[in-house]
Amino acid sequence: MRTTVLFVIIGAGLGHLTRGLAIATQITKLNKNCNIIFFTTNANANIIEKFHYQYYYVPNRSLLSKTMKAPEYNAYMKNILLAILEKHQTDYFVFDGAFPYPCIVGSMRDRTSMYNIWIKREGDRQGFDNSSIIAYKKYFDCIIIPGELGQQEYREYLTKEKLVPPILLIDNNKVVRDGIRHRFSITSKEKVWYVQLGRANRDIKSGLLNRIINTILNIEDTYIVLGESIDGPCIEMEHSRIWNHKNYPNSYMFSEIDFAITTAGYNITHELAYYNIPAILVPDLFVVKDDQRARALRIEDIGGAITLTDYSQIESAISHLMEKELEMKNKLEHCHLVNGAQQAAEIILDIV
């Protein structure tokens, strides 16, 4: 009988959806007979089509109706989830989201024959009260916690909690065809920078991005890949050594990148570290739940990145990155960062 795994992805950012796709990809490799289905409220749900998985999309309450109240929306979501669970006779319910809303818990409790897994990333900012979230752990058979580079095991984990290496959407076997260097005749001696400050980063408006671009372009034999959010506005910058890149996932080009300047989000920092790319990390200090500054400093302590919070230091940070390129690459390589997606997939399939 065919095994069915339903990924329930709740959240506006791409992080939750990317982790789900990373684990689903590994499950498919481990068990060709698995039926993978996605249910998500993410507005970028159409990217699931790239991976050839069936999916259901329900907009967030604010997009669905301006008058719908939270209890009504939860009841609506629960009914849809129960219909999906029944139709596909789901065996594994894999939830990735910051908070398991009543519709999530209600649908799991109404179908007792399946195994419930929570992909629960930690890294909350110090002082963040997550006691109400922790109370929901009892509804899950297993909680998979994606680790972070440089993170120490700072607490004892419950029996049903499994800590795995950072979960990444990486394909080691993917060959870069007609890549950036080939398309634009960039030699191995010339340097390619990847720059992405994120759609929500307030500092784009302050001119930081322009300063970064101008500083890099003033260096001989340098090129810039300007990463853009797939659902954000285009950044208008025309130059023969700048290429705007709006694709998903951008990590597929990282084997061709020499340096990076990005925010310190979970996915991007670990993808860069996986490819041993020295980076300047610009933490978004306005993110309430995710401690980007702490993440950036951990990778800086390892020797693989520079944390930038004083934007007046951007020019000197770029110079330092280039001077320490080989040293920083070696530090990252010695970390031996592995992709935790396969381990997470193994835990899910072996949960019985």
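That block above? That's the structure.
Here is what the cut-offs are and how they apply
- Residues numbered from 1 in each chain as written.
- Predicted model: local features only at pLDDT ≥ 70, side-chain atom pairs only at ≥ 80, totals over all residues.
- Heavy atoms only, no water.
- 1 Å grid on protein atoms, 1.4 Å probe; cavity = no way out; pocket = protein on both sides within 12 Å on 5 of 7 lines; lining within 4 Å.
- Points joined across faces, edges and corners; volume = space filled by probe spheres on them.
- Helix = DSSP H or I, 4+ residues; strand = E, 2+ residues; numbered from the N terminus.
- Nonpolar A, V, L, I, M, F, W, Y, C, P; charged D, E, K, R; others polar.
- Axes fitted to C-alpha atoms, helices over the stretch in contact; angles between N-to-C directions.
- Left-handed = near helix turned anticlockwise from the far one by under 90°.
- Contact = heavy atoms within 4.5 Å.
- Buried < 20%, exposed > 50% of the residue type's maximum accessible area, 1.4 Å probe, protein only.
- Pairing = 2+ DSSP bridges.

K.L.:
I would appreciate a short explanation of empty space enclosed by the protein in the present structure.
P.N.:
The gaps of empty space that remain are located by a probe, the size of a water molecule, rolled over the atoms. In the structure shown here, the tally under the stated rule is one cavity of 30 Å³ or more. Here the largest cavity is characterised by a volume of approximately 50 Å³. Lining the largest cavity we find Thr269, Leu272, Ala273, Ile277, Ala279, Leu281, Ile299, Gly304, Ala305 and Leu332. For the lining of the largest cavity, the elements supplying multiple residues, two or more each, are α8 (266-274) and β12 (279-282). When the residues that make up the lining of the largest cavity are grouped by side-chain class, the tally is eight nonpolar, two polar and no charged.

K.L.:
Whenever I open this one, the packing of helix α1 (residues 14-30) against helix α12 (residues 341-349) confuses me. Can you help?
P.N.:
Two measures define how a pair of helices packs: the angle their axes make with one another and the distance between the axes. Following both chains from N to C, one finds α1 and α12 inclined at 65 degrees, their axes separated by 8 Å at the closest point. In this structure, the crossing between α1 and α12 has a hand that is right-handed. Residue-level contacts link Ala22, Ile23, Gln26, Ile27 and Leu30 of α1 to Ala341, Gln342, Ala344, Ala345, Glu346, Ile348 and Leu349 of α12. For the contact of α1 with α12, the class distribution of residues is nine nonpolar, two polar and one charged.

K.L.:
Whenever I open this one, the pairing of strand β4 (residues 92-96) confuses me. Can you help?
P.N.:
Where a strand is regular, its side chains alternate between the two sheet faces. Burial analysis of β4 places five of its five residues in the buried class, the great majority of the element. Side-chain alternation along β4 places Tyr92, Val94 and Asp96 on one buried face and Phe93 and Phe95 on a second face that is also buried. Direction of pairing for strand β1 (residues 3-9) relative to β4: parallel, over a ladder of five bridges. Residue pairing for β4: Val5 is matched across the bridge by Tyr92. Pairing between β4 and strand β5 (residues 115-119): five bridges, direction parallel. In the strand pairing of β5, Tyr92 is matched with Tyr115.

The values are spatial; any link to function lies outside them.
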